[in-house]
Amino acid sequence: KQSECTPLFFNAFTMRGAAACMHTHSANCVLATILFDKEFTLSHIEMIKGIYNPEAKKALMFCDTLTVPIIENTNFESELTASMAEAMKAYPNTNAILVRRHGCYIWGETWEKTKAMAECYDYLFGIAIEMKKLGIPTVKDEASK
């Protein structure tokens, strides 16, 4: 039987030319979707450099703002296909989609790069959760940079 995730992986393959796509249910992903509204945003954290911007064709920089769209979960994973595609169109510079109270899809040029980014994303989601707990803004404003 085909996985419920297959149509979502094919979004990454057909819409972004990805060679690999990963799906994780990490606690950090799930908590990030609860703490953020429509999108996850974070800036000025060193590990952001491990995230590739497919539109700019280069890695993000320390001072860049990482933005990952959050889509709403459904009872069946295959029902996420259309909302994931919409988010991918609306956010051409992302290679990850968070699914509220579920997890995250991450894609890239190779499985090695995709895995490395998945580890960076998980770390960054965790840092953002701790920042929120401490009342620290996850994106530095221009005046305080």
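One can find the structure itself at the top, above this paragraph.
Residues numbered from 1 in each chain as written. Predicted model: local features only at pLDDT ≥ 70, side-chain atom pairs only at ≥ 80, totals over all residues. Heavy atoms only, no water.

Student: Looking at this structure, how should I read the overall build of the chain?
Tutor: Counting its regular elements, the chain contains four helices and seven strands. Its helices and strands taken in sequence order, the chain reads α-β-α-β-β-β-β-α-β-β-α from the N to the C terminus. Against the globule reference of 15 Å for 145 residues, the chain gives a C-alpha radius of gyration of 15 Å, in line with a compact fold. In terms of overall dimensions, the chain has C-alpha extents of about 50 × 30 × 25 Å along its principal axes. Taking all 145 residues of the chain together, the buried fraction comes to 43%. (Helix = DSSP H or I, 4+ residues; strand = E, 2+ residues; numbered from the N terminus. Rg over C-alpha atoms; globule rule 2.2 N^0.38 Å. Buried < 20%, exposed > 50% of the residue type's maximum accessible area, 1.4 Å probe, protein only.)

Student: Is there a simple way to think about the pattern of salt bridges in this case?
Tutor: In a structure, side chains of opposite charge can pair up when their charged atoms sit close to one another. Scanning the entire structure with this criterion turns up five salt bridges. One salt bridge in this structure joins E46 and K49, with 2.8 Å as the shortest N-O distance. E46 sits in the partly exposed class, given a relative accessible area of 48%. Overall, K49 belongs to the partly exposed group, its relative accessible area being 41%. Residue E130 pairs with K133 through a salt bridge whose shortest N-O separation is 3.0 Å. (Salt bridge = Lys/Arg side-chain N within 4 Å of Asp/Glu carboxyl O.)

Student: Mind showing me how you'd approach the nonpolar core here?
Tutor: Nonpolar side chains tend to gather and get buried jointly when the protein is soluble and globular. Judged by nonpolar contacts, the single largest core of 24 residues is most densely connected at F40, L42, I51, L66, L98, Y121 and F125. For this core, the secondary structure elements donating two or more residues are α2 (27-35), β2 (39-43), β5 (65-71), β6 (96-99), β7 (103-108) and α4 (111-133). Leave out the neighbours within four places in its chain, and Y121 touches I51, L66, V68, T94, N95, A96 and I106. (Core = buried A, V, L, I, M, F, W, Y, C linked by side-chain atoms within 4.5 Å. Contact = heavy atoms within 4.5 Å.)

Student: Looking at this structure, how should I read the sheet that holds strand β1 (residues 20-24)?
Tutor: Strand pairing in a sheet is mediated by backbone hydrogen bonds. Such pairs are either parallel or antiparallel. Pairing is mixed across the open sheet formed by five strands, whose spatial order is β1-β7-β6-β5-β2. Either end of the sheet is taken by a strand with one partner, and the two such strands are β1 and β2. Put simply, the sheet's adjacent strands are angled 20° from each other on average, direction ignored. Here two bridges tie β5 to β6, and the two strands are oriented parallel to one another. What sits directly across from I71, in β6, is V99. Along the sheet, helix α1 (residues 6-16) contacts β1 and β7; its crossing angle with β1, the most-contacted strand, is approximately 145°. On the sheet, helix α3 (residues 81-90) packs against β5, β6 and β7 and is oriented at approximately 155° with respect to β5. (Pairing = 2+ DSSP bridges. Axes fitted to C-alpha atoms, helices over the stretch in contact; angles between N-to-C directions.)

Student: In this structure, what is going on with the layout of surface pockets? I would like to understand it.
Tutor: The gaps left among the atoms become clear once a water-sized probe is rolled over them. As a volume, the largest pocket reaches approximately 240 Å³. Forming the walls of the largest pocket are 13 residues, and the residues nearest its centre are Y52, P54, W107, G108 and E109. Listing elements by their share of the lining of the largest pocket, those giving two or more residues are β7 and α4. Looking at the lining of the largest pocket residue by residue, the class counts come to five nonpolar, four polar and four charged. (1 Å grid on protein atoms, 1.4 Å probe; cavity = no way out; pocket = protein on both sides within 12 Å on 5 of 7 lines; lining within 4 Å. Points joined across faces, edges and corners; volume = space filled by probe spheres on them. Nonpolar A, V, L, I, M, F, W, Y, C, P; charged D, E, K, R; others polar.)

Student: Mind showing me how you'd approach α1 here?
Tutor: Among all positions of α1, only T6, L8, N11 and A12 are buried. The inward-facing, buried residues of α1 abut β1, α3 and β7. Two residues or fewer after α1 comes G17, characterised by a positive phi angle close to 65°.

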